[in-house]
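Observations on chain architecture
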Amino acid sequence: MDLTQLVEAQGSLTFLGSIGGLAFALLGAGLAAVLPGIGSAKGTGIAGEAGTGLLCQDPSKFGKVMILQVIPGTQGLYGLVVWFFAIFSMGLLGGELPQMTVAQGMQYFAACLPMALGGLFSAIAQGRVAAGSINILAKKPDDWSKGMVLCITVEFYAILSLLASMLMIINIS
């Protein structure tokens, strides 16, 4: 290794040390916002497809169908809450880029993962449950609240993901 290669290697290490922590933290926060959003879009789409089938036959059930379709969208909101809380905790809203070690950046990344993955998968699962609940509404309209309870069961795990990420972000020093 000659002197030029050594200087370039040292420069890249300095770059990783100076911006790498923030990059990891922003990646984690971004994933916490984007993945639950993708899951919510998929979940509400699944429920919406089932809802349109029912509404073609009985438009009077629109209100109940809409409630069941909207439920998988909450994970996208939870993801935005974690994203906002993470960037606030990082100090990004102060107008300057914070200095952050790679270790701190990885802490933010890891703290955002529960919401990112939990939000993605629970929103899709909740969309499927909501679609099934729309089938209950179609066949036994008086029992549609049972479908709501099933949707709320899946929501519980999205809330646990939110709680896990928030508690981990709070404890980053």
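Residues numbered from 1 in each chain as written. Predicted model: local features only at pLDDT ≥ 70, side-chain atom pairs only at ≥ 80, totals over all residues. Heavy atoms only, no water.

**A word on the packing of aromatic side chains**
By the definition in use, this model includes 2 aromatic pairs. With a centroid separation of 5.3 Å and an interplanar angle of 80°, the aromatic rings of Phe156 and Tyr157 are classed as edge-to-face. (Phe/Tyr/Trp six-rings, centres within 6.5 Å; stacked < 30°, edge-to-face > 60°.)

**Thoughts on the side chain of Glu155**
Following the sequence through the fold, Glu155 ends up in helix 5 (residues 144–170). Although Glu155 is buried, it forms no salt bridge, and the closest oppositely charged side chain is Arg128 at an N-O distance of 15 Å. Apart from the residues within four sequence positions on either side, Glu155 is in contact with Ile71, Thr74, Gln75, Tyr78 and Gln126. (Helix = DSSP H or I, 4+ residues; strand = E, 2+ residues; numbered from the N terminus. Buried < 20%, exposed > 50% of the residue type's maximum accessible area, 1.4 Å probe, protein only. Lys, Arg positive; Asp, Glu negative; His and termini not counted. Salt bridge = Lys/Arg side-chain N within 4 Å of Asp/Glu carboxyl O. Contact = heavy atoms within 4.5 Å.)

**Concerning helix 3 (residues 74–90)**
Helical periodicity: at 3.6 residues per turn, an α-helix aligns residues three or four positions apart in one direction. The end-to-end C-alpha distance of helix 3 is 24 Å, a good match for the 24 Å that 17 residues give at a rise of 1.5 Å each. Where helix 3 is concerned, the buried positions are Gln75, Gly76, Tyr78, Gly79, Val82, Ala86, Ile87 and Met90. Relative to the axis of helix 3, the buried residues are bounded by an arc of 165° and lie together on one face. Facing away from the buried side of helix 3, by more than 90 degrees, are the exposed residues Leu77 and Phe88. Phi turns positive one or two residues past the end of helix 3, at Gly91, with a value near 90°. (Expected span 1.5 Å × (residues − 1). Arc of directions from axis to C-beta.)

**Topic: the environment of Ala103**
Following the sequence through the fold, Ala103 ends up in helix 4 (residues 102–139). Each C-alpha atom of the pair Ala103 and Ala25 lies 9.7 Å from the other, and the pair is 78 residues apart in sequence.

**Here's the deal with the confidence of the model for the chain**
Caution applies to low-pLDDT parts of the model: their predicted coordinates are not meant to be read in detail. Of all residues in the chain, 90% attain a pLDDT of 70 or more, and the chain-wide mean is 91. Highest mean pLDDT in the chain belongs to helix 3 (97); lowest belongs to helix 1 (residues 3–57) (84). (pLDDT = per-residue confidence, 0-100.)

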